[in-house]
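Listed here are the chains, written in short residue letters.
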There are 2 protein chains.
Amino acid sequence: MDELIIRPIAQIRTDFQEKFGIPRQSGRVGELTGTIVFVPEFRNQDALRGIEEFSHLWLIFDFSASHREKWSPTVRPPRLGGNTRVGVFATRSPFRPNPLGLSCVKFLSLEQTAHEGTVIHVAGVDLLDGTPIIDIKPYIPYADAHPEATGSFADTHKDDRLAVDIPPELLSAIPEAKRNAVIACLSEDPRPSYQDDPERIYSMAFAGLDIHFRVQNGIAAVIRIDKKD
Amino acid sequence: MDELIIRPIAQIRTDFQEKFGIPRQSGRVGELTGTIVFVPEFRNQDALRGIEEFSHLWLIFDFSASHREKWSPTVRPPRLGGNTRVGVFATRSPFRPNPLGLSCVKFLSLEQTAHEGTVIHVAGVDLLDGTPIIDIKPYIPYADAHPEATGSFADTHKDDRLAVDIPPELLSAIPEAKRNAVIACLSEDPRPSYQDDPERIYSMAFAGLDIHFRVQNGIAAVIRIDKKD
């Protein structure tokens with residue numbers, strides 16, 4: 001079978017400059033927004049005609065930060081403690097033979113910009129800033145929605161959430177429009193699940209800030225916020 | 001942004017040697033089964049470890065029968081009568097800048113074969129025989145199932161079905177294991193929705209048979225079945 005050459009059609013802008021803290025699946029954190037900016041070749045308003053009638057979109061994207069020379073048949077999902085090996089096709093791991101990801105996002109709006117053509121604003125993103133977008137498809141509930149589907153480990157802990165404590169003087173360092181997203185991301189517990197050291201300080205890069213926190217007794221406590229250089 | 005070179009990991013075997021009659025979305029016809037056979041490089045049982053715990057799988061595939069030199073920003077979905085132009089990113093049309101398709105199928109079983117390694121049997125397929133498979137991912141209901149999502153034209157007519165009339169002497173020409181699938185595919189009404197000519201004879205190639213039928217008053221009537229050469 002022939003190889004296929006894929007050209008990214010767009011790039012998504014998000015508040016995540018680093019992988020740490022990105023929710024484990026799309027849709028987990030509705031407060032996380034992103035903007036899809038098309039590359040000049042695919043910057044064509046006609047190609048989006050009718051897209052605003054759909055509430056949700058699929059993004060197929062390039063796991064560009066996770067390319068590897070060789071593929072490995074098994075991966076160790078963080079959700080399983082990082083020691084259990086599972087077949088790569090039984091996971092959504094970025095380390096796959098073809099490094100394509102699949103995310104379902106909410107459509108928010110189209111915007112006509114002065115210099116970048118029509119961009120798409122979406123919510124519920126789980127993507128690194130600058131991720132190349134390969135395809136955008138409408139979500140079709142009668143074909144795509146299977147609430148009766150059963151999973152395995154991917155379902156466990158899905159409702160575990162941390163309480164989030166941010167002292168008022170630190171909260172004021174976060175732009176108001178980003179506060180709910182920060183709280184929601186921390187409540188998702190970004191730590192690998194095999195780590196449980198109450199003294200350890202984690203740092204999440206978000207929206208130009210470095211947000212330092214500890215986790216103890218089910219509470220993520222923010223202890224310092226720095227502006228990134 | 002860089003181009004990405006994609007190597008198919010597998011091929012799917014289905015009963016559709018031609019496009020006509022393939023359901024418009026995956027999952028529409030649960031009776032349609034397929035078998036995913038890995039290419040030698042990716043034939044590795046470990047890569048499937050744990051996959052049997054998922055009820056549904058995503059297939060990302062190459063619309064290999066729909067490659068075109070140039071992309072068109074708009075397409076004319078058959079469901080809209082074939083005359084209305086819609087932006088390609090507002091459709092699941094195969095004619096897209098990157099010709100990737102997305103189907104949700106039911107996992108049936110793994111089978112160890114003598115000459116092709118471990119194969120995956122799935123149901124609810126909407127793929128041409130021999131379609132190159134690019135990636136297989138588990139369906140994760142909490143991230144992927146959005147029954148509340150709203151669509152546009154993609155939702156209309158989704159419950160229109162034809163009655164199917166196959167005279168007993170013709171029915172016996174269809175292998176018993178394939179009969180329900182034939183009936184289900186015909187009831188989906190494979191005609192382009194802008195055609196409504198009760199005299200016109202259509203032919204659906206399925207499982208080595210050519211199934212000829214007419215449609216009148218909401219009934220698909222099979223009038224002849226030939227074995228394909």
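These figures come from a predicted structure and were not determined experimentally.

Colleague: What exactly am I supposed to notice about the overall build of chain A here?
Modeller: Counting its regular elements, chain A contains three helices and 13 strands. A compact globule built from 229 residues would reach a C-alpha radius of gyration of about 17 Å, and chain A, at 19 Å, matches this within 12%. Seen along its three principal axes, the alpha-carbon backbone of chain A occupies a region of about 50 × 45 × 35 Å. Partitioning the intrachain contacts of chain A with sequence separation of at least 6 by distance along the chain shows that 68% fall at a separation of at least 24.

Colleague: Please clarify how the domain arrangement of chain A should be interpreted in this entry.
Modeller: Residues and elements named next belong to chain A. Looking at chain A, the domain boundaries give domain 1 (10–63 + 99–144) and domain 2 (158–227). Distance from the C-alpha centre of domain 1 to the C-alpha centre of domain 2: 25 Å. At the junction of the two partners, domain 1 supplies eleven residues and domain 2 supplies eleven residues.

Colleague: Sorry if this is basic, but what is going on with the relation of the copies chain A and chain B here?
Modeller: There are two copies of the chain, and a rotation about an axis plus a shift along that axis relates them. Between chain A and chain B, the superposition needs a rotation of 180° and an axial shift of 0.0 Å, giving an RMSD of 0.0 Å. This pairing of chains is accounted for by a two-fold axis. Distance from the rotation axis, computed per C-alpha, reaches its smallest value in chain A at A:Ala145: 2.1 Å. Both copies share a contact surface, since 100% of the interface residues of chain A are interface residues in chain B too.

Colleague: Is there a simple way to think about the confidence of the model for chain A in this case?
Modeller: Close reading of the predicted structure is inappropriate where its pLDDT is low. Across chain A, the average pLDDT comes to 92, with 97% of residues at or above 70. Confidence metrics for the complex model read pTM 0.93 and ipTM 0.92.

Colleague: Please clarify how helix α3 (residues 176–187) of chain A should be interpreted in this entry.
Modeller: It helps to recall that an α-helix has 3.6 residues per turn; residues three or four apart then point in one direction. Residues and elements named next belong to chain A. Taking 1.5 Å per residue as the helical rise, α3 with its twelve residues ought to reach 16 Å, and the 18 Å between its terminal C-alpha atoms agrees with that figure. Those residues of α3 not exposed but buried are Ala181, Val182, Ile183, Cys185 and Leu186. Summarising the contacts, the buried residues of α3 are in contact with β10 (163–165), β11 (202–206), β12 (209–216) and β13 (219–227).

Colleague: Whenever I open this one, the interface of chain A and chain B confuses me. Can you help?
Modeller: How big an interface is tends to be expressed through the accessible area that disappears when the partners come together. Contacts between the two partners involve 65 residues from chain A and, on the opposite side, 65 residues from chain B. Elements with a minimum of two residues in the side of chain A that touches chain B: β1 (4–6), β4 (56–62), β6 (86–87), β7 (100–112), β9 (131–138) and α1 (141–144) of chain A. With six residues, the top contributor of residues to the side of chain A that touches chain B is β9(A).

Colleague: Before we go on, may I ask you to explain unusual backbone geometry in this structure?
Modeller: Residues and elements named next belong to chain A. Located in the positive-phi region is alanine 207, a residue other than glycine, with phi close to 55°. Structurally, the position occupied by alanine 207 is in the loop between β11 and β12. One non-glycine residue with positive phi stands out, namely asparagine 217, at about 50°.

Colleague: Can you walk me through the sheet that holds β4(A) in this structure?
Modeller: Strand pairing in a sheet takes place through backbone hydrogen bonds and is either antiparallel or parallel in direction. Residue and element names in this part refer to chain A. Read around the closed barrel, six strands run β2-β3-β8-β7-β4-β9, paired in antiparallel fashion. Across the sheet, the axes of successive neighbouring strands diverge by a mean angle of 45°, strand direction being ignored. As judged from the three bridges shared by strand β2 (residues 10–13) and β9, these two strands associate in the antiparallel manner. From the neighbouring strand, glutamine 11 faces β9, where its bridge partner is proline 132.

Colleague: Before we go on, may I ask you to explain the pairing of strand β3 (residues 33–38) of chain B in this structure?
Modeller: Moving residue by residue along a regular strand, the side chains alternate between the two faces of the sheet. Sheet topology places strand β2 (residues 10–13) of chain B next to β3(B); four bridges connect them, and they run antiparallel. By the bridge assignment for β3(B), B:Gln11 is matched with B:Val37.

Colleague: What is the right way to look at the sheet that holds strand β12 (residues 209–216) of chain B in this model?
Modeller: Residues and elements named next belong to chain B. As summarised here, the arrangement of the four strands in space is β10-β13-β12-β11, forming an open sheet in which the pairing is mixed. Edge positions in the sheet fall to β10 (163–165) and β11 (202–206), since each has one partner strand and no second. Sheet twist, expressed as the average angle between the axes of neighbouring strands with direction ignored, equals 35°.

Colleague: Help me understand the nonpolar core, please; the structure alone is not making it clear to me.
Modeller: One recurring pattern in soluble globular proteins is that nonpolar side chains are buried together. Counting residues in hydrophobic clusters, the biggest one holds 122 residues, and the most contacted among them are A:Leu57, A:Ile60, A:Ile133, B:Leu57, B:Ile60 and B:Ile133. When residues no more than four places from it in sequence are discounted, the contact partners of B:Ile60 are A:Ile60, A:Leu100, B:Leu100, B:Leu102, B:Ile134 and B:Asp135.

Colleague: Explain the pairing of β7(A) to me, please; I cannot follow it from the model alone.
Modeller: Residues and elements named next belong to chain A. Here seven bridges tie β4 to β7, and the two strands are oriented antiparallel to one another. When the bridges of β7 are listed, isoleucine 60 appears paired with leucine 102. The hairpin formed by β7 and strand β8 (residues 118–123) contains five residues between the paired strands, and glycine 117 there has a positive phi angle of roughly 65°.

Colleague: Got a minute to help me understand helix α3 (residues 176–187) of chain B in this structure?
Modeller: Check the buried side of α3(B) and you find it contacts β10, β11, β12 and β13 (219–227) of chain B. One or two positions beyond α3(B), positive phi appears at B:Asp189, with a value near 60°.

Colleague: Where do I start with the environment of A:Arg76 in this structure?
Modeller: Residue and element names in this part refer to chain A. Tracing the backbone through its elements, the reader meets arginine 76 in the loop between β5 (74–75) and β6. For arginine 76, a count of 17 C-beta atoms within 10 Å translates into the label partly exposed. With ten residues separating them in the primary sequence, arginine 76 and valine 86 have C-alpha atoms 6.2 Å apart.

Colleague: Is there a simple way to explain the environment of B:Pro198 in this structure?
Modeller: All names here are of chain B. Among the structural elements, proline 198 can be located in the loop between α3 and β11. Along the chain, proline 198 and asparagine 217 lie 19 residues apart, while their C-alpha atoms are 8.2 Å from each other. Non-local contacts of proline 198, meaning those with residues more than four positions away in its chain, are made with Arg214, Val215 and Gln216.

Colleague: I keep staring at the environment of B:Pro167 and nothing clicks. Help me out?
Modeller: All names here are of chain B. Position of proline 167 relative to the elements: it lies in the loop between β10 and α2 (168–171). Residue classification places proline 167 among the exposed positions, given that 10 C-beta atoms sit within 10 Å. Taking the C-alpha atoms as reference points, proline 167 and alanine 221, 54 residues apart in sequence, are found 8.5 Å from one another.

About the criteria used
- Residues numbered from 1 in each chain as written.
- Chains lettered and ligands numbered in written order.
- Predicted model: local features only at pLDDT ≥ 70, side-chain atom pairs only at ≥ 80, totals over all residues.
- Helix = DSSP H or I, 4+ residues; strand = E, 2+ residues; numbered from the N terminus.
- Rg over C-alpha atoms; globule rule 2.2 N^0.38 Å.
- Contact = placed C-beta atoms within 7 Å.
- Domains from an automatic or database assignment.
- Least-squares fit on C-alpha atoms with pLDDT ≥ 70 in both.
- pLDDT = per-residue confidence, 0-100.
- Expected span 1.5 Å × (residues − 1).
- Buried ≥ 20, exposed ≤ 12 C-beta atoms within 10 Å, placed from the backbone.
- Pairing = 2+ DSSP bridges.
- Axes fitted to C-alpha atoms, helices over the stretch in contact; angles between N-to-C directions.
- Core = buried A, V, L, I, M, F, W, Y, C linked by C-beta atoms within 7 Å.

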